[in-house]
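Residues per chain, in single letters:
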Amino acid sequence: MIYFLMALAVVIIIIALMYLRKMFFQPSSEKTFQKTSSTDSIFSHCPVCNTGLGPGQNIRSKIFTSAASDSDKLCYVYGCPSCFPQVKEGIKRECPVCHKPLPSDSYLLSRIFYKTKSGKPHVIINGCPNCNKH
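Source: prediction; values computed, not measured.

Engineer: Help me out: how do you make sense of the nonpolar core in this one?
Structural biologist: Counting 15 residues, the largest nonpolar core has Cys-46, Val-48, Ile-59, Val-77, Cys-80, Cys-83 and Leu-108 as the members making the most contacts within it. Of all the secondary-structure elements, those providing two or more residues to this core are strand E2 (72-79) and strand E3 (108-113). Discounting residues that sit within four places of it in the chain, Val-77 has contacts with Pro-47, Val-48, Ile-59, Arg-60, Ser-61, Tyr-107, Leu-108, Ser-110 and Ile-125. Core analysis: the next-biggest nonpolar cluster, separate from the first, contains 5 residues, Tyr-76, Phe-84, Tyr-107 and Leu-109 among them.

Written out as structure tokens, the structure is:
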């Protein structure tokens, strides 16, 4: 009988520790993307030039609507204020997929998903027009 009570106590302690870990030590999700309608930054870093974005800086992008799918849409990512429309001195635009230089008038092809658990948009970069022939 005493072993049963000890086992029950261990199980209760484990459940309590799991609950406390979930409540207080849950890792914060990476804040990579935020809603595009807000004035905050969309990305933490520009995917084109890898420059860190400050408050109020946004990525220039174009989202194409499609009647076929509401969950994902095609998106062109042009860059941040440092690399689009004019590239600032010392900034290098490059495709994150093929690592080739990206011309100043080019863009990255990506997919944007709205049906995520957090409710925030999720963007997957597929590459530049040279490496991703869709």
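Engineer: I tried to follow the side chain of Arg-93 on my own but got confused; where do I start?
Structural biologist: Inspection of the secondary structure assignment puts Arg-93 in the loop between E2 and E3. Asp-105 provides the closest opposite charge to the buried, salt-bridge-free Arg-93, at an N-O distance of 6.9 Å. Within the structure, Arg-93 has its side chain in polar contact with the backbone oxygen of Cys-83 (distance 3.0 Å).

Engineer: Which parts of the structure should I look at to understand the packing of aromatic side chains?
Structural biologist: Pairs of aromatic rings are described using the distance from one ring centre to the other and the angle between the two planes. A complete count under the given rule lists 4 aromatic pairs for this structure. With a centroid separation of 5.2 Å and an interplanar angle of 25 degrees, the aromatic rings of Tyr-78 and Phe-84 are classed as stacked. The same class applies to Tyr-78 as to Phe-84, namely buried. One aromatic cluster in this structure is built from Phe-64, Tyr-76, Tyr-78, Phe-84 and Tyr-107.

Engineer: Would you mind showing me how to read the pattern of salt bridges here?
Structural biologist: Applying the stated criterion to the full structure yields 1 salt bridge. Close ionic contact of Lys-92 with Glu-94 constitutes a salt bridge, the shortest N to O distance being 3.6 Å. When its relative accessible area of 57% is taken as the criterion, Lys-92 is described as exposed.

Engineer: When you look at the confidence of the model for the protein chain in this model, what are you seeing that I'm missing?
Structural biologist: Looking at the protein chain as a whole, its pLDDT mean stands at 78, while 79% of the residues score no less than 70. In the model, residues 27-42 has pLDDT below 50 throughout and makes 30 contacts with residues more than four positions away in sequence or in other chains.

Engineer: Looking at this structure, how should I read unusual backbone geometry?
Structural biologist: For the bond running from Phe-84 to Pro-85, omega is 5 degrees, close enough to zero to count as cis. With respect to the helices and strands, the residue Pro-85 is situated in the loop between E2 and E3. In this model, Asn-50 sits at a positive phi of 60 degrees, which is unusual for a non-glycine residue. Topologically, Asn-50 is positioned in the loop between helix H1 (2-24) and strand E1 (60-64). The phi torsion at His-99 lies on the positive side, around 60 degrees, for a residue other than glycine. Within the secondary structure, His-99 sits in the loop between E2 and E3.

Engineer: Would you explain the sheet that holds E3 in this entry?
Structural biologist: Neighbouring strands of a sheet are bound in pairs by backbone hydrogen bonds; such pairs are parallel or else antiparallel. What the 4 strands build is an open sheet, ordered E1-E2-E3-E4; its pairing is antiparallel. Each edge of the sheet is formed by a strand with only one pairing partner; in this case those strands are E1 and strand E4 (122-127). The mean angle between the axes of side-by-side strands here comes to 30 degrees, regardless of whether they run parallel or antiparallel.

Rules of the game
- Residues numbered from 1 in each chain as written.
- Predicted model: local features only at pLDDT ≥ 70, side-chain atom pairs only at ≥ 80, totals over all residues.
- Heavy atoms only, no water.
- Core = buried A, V, L, I, M, F, W, Y, C linked by side-chain atoms within 4.5 Å.
- Buried < 20%, exposed > 50% of the residue type's maximum accessible area, 1.4 Å probe, protein only.
- Helix = DSSP H or I, 4+ residues; strand = E, 2+ residues; numbered from the N terminus.
- Contact = heavy atoms within 4.5 Å.
- Lys, Arg positive; Asp, Glu negative; His and termini not counted.
- Salt bridge = Lys/Arg side-chain N within 4 Å of Asp/Glu carboxyl O.
- Polar contact = N/O pair within 3.5 Å; in protein donor to acceptor, adjacent residues only side chain to side chain.
- Phe/Tyr/Trp six-rings, centres within 6.5 Å; stacked < 30°, edge-to-face > 60°.
- pLDDT = per-residue confidence, 0-100.
- Pairing = 2+ DSSP bridges.
- Axes fitted to C-alpha atoms, helices over the stretch in contact; angles between N-to-C directions.

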